[in-house]
Amino acid sequence: MDHQTGGSADDDRARKLRQKRIGDQLRRLYDEVTEESVPEEFLNLLEQADNSKNKQ
Amino acid sequence: MTQPTLDDEAFKAELAGLIPHLRAFARSLCGNATAADDLAQEAMLKAWKARASYQSGTNLKAWTFTILRNLFYSEKRRSWRRQQLDPEVAEATLIANDDPSSAMDLLALRTGLTFLPEDQREALILVGAGGLSYEETAEICGCAVGTIKSRVSRARKALAEIIDNTQGGFSGDGKLRASEAFDDIMKQADELSSGSTADATN
């Protein structure tokens, strides 16, 4: 039935579109965190670790 | 200048530059942001201590992600283990930094992610959001490239189905209608978020 082939082509297109949306949203979820400013604590800890190395 | 090892200053600068990514990867593994930052900090310090074993020229991001992931899985009893996702907490986290409509889509996605098996979720996040190649992800997760490819593909499929099923309530029949509705919602979210970034700051 040609109805079936038309349907599956539509399905295919819809699926691809949906996957693209999911991909976009997934990246947004991740980028929301990478775009936050890094808490001072991180850099302080790194500096501390670097400084204590020099004392050893 | 015989060995191309990174000196400490350069290593520190590169590591500092990766902190946002360590935080994002940790956030995807942990149940909440505080636990995630704890994990990311420990991973950062562990990477710093292990800097002598890093081979310059290789991918530092993948190297630090491996450390973070090992830390996460080796200390199963630590507080940063993913707890059952509390939808209210997820909602609060998301609504805090996005407009409500887009936050709802992200919430659907985030909830969908929690239904995925752990190995599929991490593969999908590393490849689909973290910008790592299949090869790097395979190295991070300690398995074959083919395994990662199949995990990512199964995760994508499952996620689409989960989202379809949760949002298909108003069109009980026909997959096409459900996915169209989903696409419409996503499109609206895109338009809203691109149009309202200016006044989204409190």
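Notes on the structure in this doc start here. None of these values were measured; they are calculated from a predicted model. Every residue gets a number counted from 1 within its own chain, in the order that chain's sequence is written. Going through the entries in the order they are written, you letter the chains from A and number the ligands from 1. Reporting in this predicted model follows two pLDDT cut-offs: at least 70 for local features of residues, and 80 or more for side-chain atom pairs to be given and counted; totals over whole chains, interfaces and linings ignore these cut-offs and use all residues. By convention in this description, side-chain values take in all heavy atoms of the structure and omit both hydrogens and water.

**Considering the overall build of chain A**
So, step 1. Only DSSP runs of H or I covering at least 4 residues are called helices, and only runs of E covering at least 2 are called strands; the numbering of each starts at the N terminus. Broken down by element type, chain A carries two helices and zero strands.
So, step 2. Only protein chains enter the accessibility calculation, which uses a 1.4 Å probe. A residue is then buried if its area is under 20% of the maximum for its type, exposed if over 50%, and partly exposed in between. Per-residue burial over chain A gives 29% buried out of 56 residues.
So, step 3. All accessibility values rest on the Shrake-Rupley procedure with a 1.4 Å probe; residue burial counts only the protein chains present in the view. When the accessible area of chain A is evaluated, it comes to approximately 3900 Å², of which 49% is carbon and sulfur surface.

**Details of the overall build of chain B**
So, step 1. Helix and strand content of chain B: nine helices and zero strands.
So, step 2. If you list the helices and strands of chain B from N to C, you get α-α-α-α-α-α-α-α-α.
So, step 3. Among the 202 residues that make up chain B, the fraction classed as buried is 46%.
So, step 4. Should any heavy atoms of two residues lie within 4.5 Å, those residues are counted as being in contact. By sequence separation, contacts in chain B at least 24 residues apart represent 60% of the contacts at least 6 residues apart.
So, step 5. Counting every atom, chain B has about 10400 Å² of accessible surface; 52% of that belongs to carbon and sulfur.

**As for the nonpolar core**
Residue and element names in this part refer to chain B.
So, step 1. Formed by 57 residues in total, the largest nonpolar core has its most connected members in Phe 65, Leu 68, Leu 109, Leu 113, Leu 124 and Leu 159.
So, step 2. Of the residues that make up this core, three or more belong to each of domain 1 (1–83) and domain 2 (86–196).
So, step 3. The contacts of Leu 68, once residues within four sequence positions are left out, are Leu 22, Phe 25, Ala 26, Leu 29, Leu 39, Ala 40 and Ala 43. Here, nonpolar core means buried Ala, Val, Leu, Ile, Met, Phe, Trp, Tyr and Cys residues that are tied together by side-chain atoms lying within 4.5 Å of each other. Residue ranges for the domains originate in an automatic or database domain assignment.

**Regarding the packing of aromatic side chains**
All names here are of chain B.
So, step 1. Any Phe, Tyr or Trp ring, taking Trp's six-membered ring, that has another such ring centre within 6.5 Å forms a pair; planes under 30 degrees apart are called stacked, those over 60 apart edge-to-face, and the others tilted. Counting across every chain of the model gives six aromatic pairs over all chains.
So, step 2. Summarising the aromatic geometry, the rings of Phe 11 and Trp 63 are spaced 6.1 Å apart at their centres and angled 85° between planes, so their arrangement reads as edge-to-face. In this pair, Phe 11 is assigned in helix H1 (residues 8–29) and Trp 63 in helix H3 (residues 60–74), connecting sequence segments 52 residues apart. Here Phe 11 matches Trp 63 in class, with each residue buried.
So, step 3. The interplanar angle of 20° and the centroid separation of 4.7 Å between the aromatic rings of Phe 25 and Phe 65 together place this pair among those described as stacked. Residue Phe 25 is found in helix H1, and its partner Phe 65 is found in helix H3; the two are separated by 40 residues along the sequence.

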